[in-house]
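Observations on the three-dimensional arrangement
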Amino acid sequence: MPAVAVVCVRSGARPAGTLDAVAAADGRGVLVGGDTAAAAEALGATATELWCWEVEGFAPGRWAAPLAEFVAAYDQVVLPGSPDGRDLAPRLAASLGRPLVCGVVEHEPDRLTISAWGGSVMVDV
């Protein structure tokens, strides 16, 4: 399977970058946290397939292994560059046994473009 977005939700609030992450995953996403239903509603037509995992508090260390099992079938896992996304991403990558690529500004099935040196250099990976 191509890609899925994973978004941390706090009390129904989705972080900046959520729409971009879900769009990069062709509308597929997993919302994890509190009041995920409200966050799912706010995504509107951007999301075509959503899974909501309702859990109390923010606990990326506890979430990584169960999320890894759920998203393991996907080739790419996309997270917003929010503080919560940056906290969960390395834990999820370690649980999946996959590399972590940060700062992605362009996403294609066989190519990622990352921003380096404050955006003055773009690198294809």
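The structure under discussion appears in the preceding block.
For the structure given in this document, a descriptive report is provided here. (Residues numbered from 1 in each chain as written. Predicted model: local features only at pLDDT ≥ 70, side-chain atom pairs only at ≥ 80, totals over all residues. Heavy atoms only, no water.)

So, the overall build of the chain
In terms of regular secondary structure, the chain is built from four helices and seven strands. Helices (α) and strands (β) of the chain occur, in sequence order from the N terminus, as β-α-β-α-β-α-β-α-β-β-β. The C-alpha atoms of the chain give a radius of gyration of 14 Å, which matches the 14 Å a tight globule of 125 residues would have. Counting only C-alpha atoms and orienting by the principal axes, one finds that the chain spans roughly 40 × 30 × 30 Å. Taken over 125 residues, the chain has a buried fraction of 40%. In the chain, of all internal contacts separated by at least 6 residues, the share reaching a separation of at least 24 is 48%. (Helix = DSSP H or I, 4+ residues; strand = E, 2+ residues; numbered from the N terminus. Rg over C-alpha atoms; globule rule 2.2 N^0.38 Å. Buried < 20%, exposed > 50% of the residue type's maximum accessible area, 1.4 Å probe, protein only. Contact = heavy atoms within 4.5 Å.)

Focus on the side chain of Thr113
As for its position among the elements, Thr113 is in strand E6 (residues 111-116). Judged by its relative accessible area of 6%, Thr113 falls in the buried class. At a separation of 2.6 Å, a polar atom in the side chain of Thr113 contacts the side chain of Arg111. Separated by 2.7 Å, the side chains of Thr113 and Asp124 make a polar contact. (Polar contact = N/O pair within 3.5 Å; in protein donor to acceptor, adjacent residues only side chain to side chain.)

What to know about the packing of aromatic side chains
All chains considered together, the criterion is met by three aromatic pairs. Linked through ring pairs, Trp53, Phe58 and Trp63 together constitute an aromatic cluster. The ring of Phe58 has Arg10 lying over it, and the distance from NZ or CZ to the ring centre is 4.3 Å. (Phe/Tyr/Trp six-rings, centres within 6.5 Å; stacked < 30°, edge-to-face > 60°. Lys NZ or Arg CZ within 6 Å of the ring centre and 35° of its normal.)

Description of the sheet that holds strand E2 (residues 28-33)
On the basis of which strands lie adjacent, the open sheet formed by four strands has the order E3-E2-E1-E4 and parallel pairing. The open sheet terminates on both sides in strands that have one partner only, identified here as strand E3 (49-54) and strand E4 (76-78). In this sheet, adjacent strand axes meet at a mean angle of 20° when their direction is disregarded. Bridging between E2 and E3 involves six bridges; their strand directions are parallel. Residue pairing in the sheet places Val32 in a bridge with Trp53 of E3. On top of the sheet, helix H2 (residues 36-43) reaches strand E1 (3-9), E2 and E3; it is set at about 160° to E3, its chief contact. On the sheet, helix H3 (residues 60-71) packs against E1, E2, E3 and E4 and is oriented at approximately 160° with respect to E2. (Pairing = 2+ DSSP bridges. Axes fitted to C-alpha atoms, helices over the stretch in contact; angles between N-to-C directions.)

What to know about the sheet that holds strand E5 (residues 104-108)
As summarised here, the arrangement of the three strands in space is E5-E6-E7, forming an open sheet in which the pairing is antiparallel. What marks the edges here is a single partner per strand, and that holds for E5 and strand E7 (121-124). Taking the axes of each pair of neighbouring strands and ignoring which way they run, one obtains an average angle of 15° across the sheet. Relative to E6, E5 is paired through four bridges, and the arrangement is antiparallel. In the strand pairing of E6, Glu106 is matched with Thr113.

Considering the pattern of salt bridges
Inspection of every chain in the model, using the stated rule, returns five salt bridges. Residue Asp84 pairs with Arg10 through a salt bridge whose shortest N-O separation is 2.7 Å. A residue pair is termed long-range when its members are at least 10 positions apart, and Asp84 in helix H4 (residues 83-96) and Arg10 in the loop between E1 and helix H1 (18-24) qualify at 74 residues. The exposure class assigned to Asp84 is buried, which follows from its relative accessible area of 15%. (Salt bridge = Lys/Arg side-chain N within 4 Å of Asp/Glu carboxyl O.)

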